[in-house]
Amino acid sequence: MTENYFQNKTVCVTGAGRGIGQSLALKLAKLGAKVIAVSKTNEHLKELIAQDNSITPVCVDLADWNATKEAIKP
């Protein structure tokens, strides 16, 4: 994949607050993607945004589908 493959693309990363999800969100943002980071823990999202403030945080528990649909509406 080329370095600019993710330019002008929007990517939603679930579990973005920690671990693999966090690493993935940061890497995708570095590659130019507009990243929507989903986590149920606001503190983890704050830590993520401190590392890259271009990432859009969404704090929601994916188990609540109605809340999730509302939270990620454009």
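Owing to the predicted nature of the structure, the values given are computational and were not obtained by experimental measurement. (Residues numbered from 1 in each chain as written. Predicted model: local features only at pLDDT ≥ 70, side-chain atom pairs only at ≥ 80, totals over all residues. Heavy atoms only, no water.)

## Concerning the pattern of salt bridges
Under the criterion given, the structure shown has one salt bridge. The salt bridge partner of glutamate 43 is lysine 46, with a shortest N-O separation of 3.5 Å. A residue pair is termed a helical-turn pair when its members lie 3 or 4 positions apart in one helix, as glutamate 43 and lysine 46 do in helix α2 (residues 42-51) at three residues. Residue lysine 46 is classed as partly exposed on the basis of its relative accessible area of 47%. (Salt bridge = Lys/Arg side-chain N within 4 Å of Asp/Glu carboxyl O. Helix = DSSP H or I, 4+ residues; strand = E, 2+ residues; numbered from the N terminus. Buried < 20%, exposed > 50% of the residue type's maximum accessible area, 1.4 Å probe, protein only.)

## Here we look at the packing of aromatic side chains
Within the structure shown, the criterion is met by one aromatic pair. Ring plane angle 90° and centroid distance 5.1 Å describe the contact between tyrosine 5 and phenylalanine 6, whose orientation is recorded as edge-to-face. (Phe/Tyr/Trp six-rings, centres within 6.5 Å; stacked < 30°, edge-to-face > 60°.)

## Structural notes on the pairing of strand β2 (residues 34-39)
Burial analysis of β2 places five of its six residues in the buried class, which makes it a mostly covered element. Summarising the sheet, strand β1 (residues 10-14) and β2 pair through five bridges and their orientation is parallel. Bridge pairing links threonine 10 to lysine 34 in β2. Between the parallel elements β1 and β2, the chain passes through helix α1 (residues 19-30) in a crossover that is right-handed. (Pairing = 2+ DSSP bridges. Right-handed = clockwise from strand over helix to strand, strands pointing away.)

## Re the nonpolar core
Formed by 14 residues in total, the largest nonpolar core has its most connected members in Val13, Ala25, Leu28, Val35, Leu48 and Ile55. When residues of this core are traced back to their parent elements, those giving at least two are β1, α1, β2 and α2. (Core = buried A, V, L, I, M, F, W, Y, C linked by side-chain atoms within 4.5 Å.)

## Here's the deal with the sheet that holds β1
Strand order across the open sheet formed by three strands is β1-β2-β3, with parallel pairing between neighbours. Edge strands, defined here as strands with exactly one partner in the open sheet, are β1 and β3 (56-59). Strand-to-strand twist across the sheet, computed as the mean angle between neighbouring axes with direction ignored, equals 20°. Of the strand pairs in this sheet, β2 and β3 are connected by four bridges, and their pairing is parallel. Bridge assignment links alanine 37 to a residue of β3, and that residue is proline 57. Relative to the sheet, α1 contacts β1 and β2, its axis offset from that of β1 by approximately 165°. α2 contacts β2 and β3 of the sheet and is inclined by roughly 175° relative to β3. (Axes fitted to C-alpha atoms, helices over the stretch in contact; angles between N-to-C directions. Contact = heavy atoms within 4.5 Å.)

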